[in-house]
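# Observations on chain architecture
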Amino acid sequence: MFNPRFEMNVQAIIRITQIEAGVVTEDWMRSDGVGLKMNHYKKTTEREGHCAIDVVGGEDGDVLKSSQSKSHNKVATLMREVHPIDDSDYHEVQPKKTNTTPKPIPRVKQIEEWGSVDLFCSNDEPTFATKNFLYLAGRRYKVAVIAPNVPAIYEAHFGVPMAGAVVNCVNIRLDAPTIAFLLGHSSAAIVIVDQELFSLAEEALQILQEKSKSGFKAPLVIVIGDENCDPKTLEYALQKGAIHYEKFLEAGDPDFMWKPPNDEWQSIALGYTSGTTSSPKGVVLHHRGAYLMSLSAAFVWGMNEGAVYLWTLPMFHCNGWCYTWALAALCGTSICLRQVTAKAVYSAIATQGVTHFCAAPVVLNTIVNAPPEQTILPLPRLVHVMTAGAAPPPSVLAAMSERGFRIAHTYGLSETYGPSTICAWKPEWDSLPLETQARLNSRQGVRYIALEGLDVFDPKTNTPVPSDGTTIGEIVMRGNAVMKGYLKNPEENKKVFANGWFHSEDLAVKHPDGYIEIKDRSKDIIISGGENISSVEVENILYRHPHVLETSVVARPDEKWGESPCAFVTLKPDVDRSDERGLGEDIMKFCREKMPVFWVPKSVIFGPLPKTATGKIQKNLLRAKVKDMGPVKRSRL
Ligand SMILES: Nc1ncnc2c1ncn2[C@@H]1O[C@H](COP(=O)(O)OP(=O)(O)OP(=O)(O)O)[C@@H](O)[C@H]1O
């Protein structure tokens, strides 16, 4: 098998709970129960103000809602009769038997009743419906969460796995047909949805029902209310038969004692890739990986107890790179942002004592280009920023450092629980010029501590490339911090785990100091006249042009050279756009001075760049656009 099974009897979530609870009270020693976890939460909150969950909203980043002891255990309670997940889709472990005795319930009658009204459970008595539904759902259920960064999605990261279920946080920027596909593919038994996104979920479920023809089992729908949102969306959801999230919690049993997973290999989370290069694939993560990655997420960043973390990174993206669980382990405070703007980020830093946040490079670009009246500089304290998701241009890293942010650059994928490498800072870099520091820090770096193996392989020989900084190969990983596999996708699993390694499809070089540097994704590399051009390197140079706010370079078909670079550029707001042709020529001239001539983009197109919810530029859409434009006709080179 691709991921070695380990014999140590480690139970991920329990360990995390132990860390939280172990520092606080002897109570914990008596049991691993959730009730005691909550005791801990309560005590810590009262004593030290930790573990609070605040919602910061609006343009101003004001705290809108504070929630200090939400009942993860109650969520878990409601799901207690469910057996462990059957993972037979992707490995051979036999499902474990539960030792709870199922209650006799009128199975058929209930299923019919639930299927009948507006797709949702319409039972007048939510408690009854919920408990019974979960029993009926059996042991193969997943709980989908469709929500921005609000406290409920954080809570779901605990309540759902503690119930033995798998949490599937859905990208909220997807359209209804794609969400319908995901819900159908994962067979979500429960959908927890933010009131603002209820109509989207409703549309998705309608599509799913139509497509399913027969055998459609309507999931139970739970709606998260938020007093800061339009009350009409909540009323509408409730009218449609959705259960109010708070009522759902109230219906739980506070004395419920949760059970650890029987096997550390049991699934904890399902997340779909963002689909920037292909259709979304369901990445299944296990408890052991989540546990190890949560601890190393804190460790590599030198995060201490009591960190104040701003949720700029969506929790639906690789479970917030495992910082959801890491923050609980550290008794950290989570500041949630419904919408990320530069103003809200600076405001939260000023008013909430933020010490850490994670963000894709495009978010950093927004922060450095924020109008001066929105910024709070100098920063009131050192703010640590972790960036990943795309290659950060050195110019953006330098600008962030100038503003007093300390950047940790990491690289990884949904398939590796988020980060797999970190560009570990070397003391000797301290004395280097800022630009050199930024260039060194823009390399992807060295293996994360939780990951057993990471290398750059020659794709033909499957052996490591030399550490010469020039030979390009594919980044491969293996070990605990690699997913179990893609859900219901044996073909892809076979492909990505060929030769006992996970194949990332990212192309990189290894430098003599062992640090890796990504040159491109294999699908993004531009092949012009037989020569490889790294779109990342062309972009990094374009980012140095004074008028360029954002850029992305893709291959355009070229009659003479096969492909040639085409640059999409968003100009800074203060640039005079009356002569776009002149601006394009100026950019090409700038490129000619700074890069080999065959790298120079032959077309420059101005406009906003399409992005995913995680801030990734959607090169697939740009490629489709250049395809429509047709090939470059007469190449002068
Ligand atoms: N620091 C980084 N530098 C360069 N590229 C990065 C960095 N971090 C992440 N990436 C890119 O992001 C990819 C992982 O993204 P993610 O798992 O979010 O989904 P996706 O790969 O965009 O979705 P899909 O596989 O459907 O295209 C990596 O394979 C890599 O190409």
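Residues numbered from 1 in each chain as written. Predicted model: local features only at pLDDT ≥ 70, side-chain atom pairs only at ≥ 80, totals over all residues.

## Examining the overall build of the protein
A tally of helices and strands in the protein yields 22 helices and 27 strands. Here the protein holds 637 residues, and the buried ones make up 52% of them. A sequence separation of at least 24 residues applies to 72% of the contacts in the protein between residues at least 6 apart. (Helix = DSSP H or I, 4+ residues; strand = E, 2+ residues; numbered from the N terminus. Buried ≥ 20, exposed ≤ 12 C-beta atoms within 10 Å, placed from the backbone. Contact = placed C-beta atoms within 7 Å.)

## A short note on the sheet that holds strand β17 (residues 453–458)
Reading across the sheet, the five strands line up as β18-β17-β19-β21-β22 and stay open at both edges, with antiparallel pairing between neighbours. Edge positions in the sheet fall to β18 (463–464) and β22 (516–521), since each has one partner strand and no second. (Pairing = 2+ DSSP bridges.)

## Here we look at unusual backbone geometry
Following Leu377, the chain continues to Pro378 via a peptide bond in cis, the omega torsion being 0°. Mapped onto the secondary structure, Pro378 falls in the loop between α16 (361–368) and β13 (383–387). If you check the backbone angles, Trp321 has positive phi at about 55° while not being a glycine. With respect to the helices and strands, the residue Trp321 is situated in helix α13 (residues 318–321). For Asn462, which is not a glycine, the phi torsion comes out positive at approximately 55°. Along the polypeptide, Asn462 turns up in the loop between β17 and β18.

## Describing the packing of helix α17 (residues 394–402) against helix α18 (residues 434–441)
Geometry of a packed helix pair, given as the angle between the helix axes and the separation of the axes. Where α17 meets α18, the closest approach of the two axes is 8 Å, and the angle between their N-to-C directions is 120°. With respect to α18, the element α17 is oriented oblique. Seen along the crossing, α17 lies across α18 with a hand that is right-handed. Residues Pro394, Leu397, Ala398, Ser401 and Glu402 of α17 form the contact with α18, whose own contacting residues are Leu434, Glu435, Ala438, Arg439 and Asn441. (Axes fitted to C-alpha atoms, helices over the stretch in contact; angles between N-to-C directions. Parallel < 35°, antiparallel > 145°, perpendicular 65-115°, else oblique. Left-handed = near helix turned anticlockwise from the far one by under 90°.)

## A look at the environment of Ser535
Along the chain, Ser535 falls in helix α20 (residues 535–542). Dropping the residues within four chain positions of it, Ser535 is found in contact with Asp520, Asp524, Ile525, Ile526, Val553 and Val554.

## Let's talk about the sheet that holds strand β5 (residues 188–194)
Strand pairs in the sheet, formed through backbone hydrogen bonds, run parallel or antiparallel to each other. Read across the open sheet, the eight strands follow the order β7-β6-β5-β3-β4-β8-β9-β20; overall the sheet is mixed. Two strands close off the open sheet at either side, each with one partner strand: β7 (243–244) and β20 (485–486). Two elements, strand β3 (residues 142–146) and strand β4 (residues 166–169), share four bridges in a ladder whose sense is parallel. Across the sheet, Ala144 pairs through a bridge with Asn168, a residue of β4. Contacts from helix α7 (residues 151–162) reach β3, β4, β5, β6 (220–224) and β8 (267–272) within the one sheet, and its direction differs from that of β4 by about 155°.

## Notes on the nonpolar core
Judged by nonpolar contacts, the single largest core of 148 residues is most densely connected at Val143, Val145, Ala147, Ile192 and Val193. Each of domain 1 (70–263) and domain 2 (282–521) gives at least three residues to this core. In this structure Val143 touches Ala156, Val160, Ala165, Val167, Asn168, Ala188, Ala189, Ile190 and Ile192, once residues within four positions along its chain are discounted. (Core = buried A, V, L, I, M, F, W, Y, C linked by C-beta atoms within 7 Å. Domains from an automatic or database assignment.)

## Examining the domain arrangement of the protein
Here the domain parsing of the protein yields domain 1 (70–263), domain 2 (282–521) and domain 3 (526–629). Inter-centroid distance (C-alpha atoms) of domain 2 to domain 3 is 25 Å. At the junction of the two partners, domain 2 supplies 17 residues and domain 3 supplies 17 residues. For the side of domain 2 that touches domain 3, the class distribution of residues is 10 nonpolar, five polar and two charged. (Nonpolar A, V, L, I, M, F, W, Y, C, P; charged D, E, K, R; others polar.)

## Points about the UniProt feature "domain: AMP-binding enzyme C-terminal" (unreviewed entry) in the protein
Taking the numbering used here, the UniProt-annotated feature "domain: AMP-binding enzyme C-terminal" (unreviewed entry) corresponds to residues 537–616. What you have in residues 537–616 is 26% helix and 31% strand, and the ends, taken at the C-alpha atoms, are 17 Å apart. (UniProt positions renumbered as here; feature names shortened; annotations may be inferred.)

## Comments concerning the environment of Pro557
Positionally, Pro557 belongs in strand β25 (residues 548–558). Separated by 70 residues in sequence, Pro557 and Lys627 have C-alpha atoms that sit 7.2 Å apart. For Pro557, the contacting residues outside a window of four places in its chain are Glu563 and Pro631.

## Examining α20
Burial analysis of α20 places seven of its eight residues in the buried class, which makes it a mostly covered element. For α20, every residue scored as buried is listed here: Ser535, Val536, Val538, Glu539, Asn540, Ile541 and Leu542.

## Some thoughts on the pairing of β6
By the criterion of burial, β6 is predominantly enclosed, with five of the five residues buried. Alternating positions in β6 separate into two faces, Leu220, Ile222 and Ile224 on one and Val221 and Val223 on the other, with burial throughout. Bridge count for β5 against β6 is five bridges, and the pairing is parallel. Residue pairing for β6: Val193 is matched across the bridge by Val223. The parallel pair β5 and β6, bridged by helix α9 (residues 198–212), forms a crossover whose chirality is right-handed. Sheet topology places β6 next to β7; two bridges connect them, and they run parallel. Residue pairing for β7: Val223 is matched across the bridge by His244. Handedness of the β-α-β unit built from β6, helix α10 (residues 231–239) and β7 comes out right-handed. (Right-handed = clockwise from strand over helix to strand, strands pointing away.)

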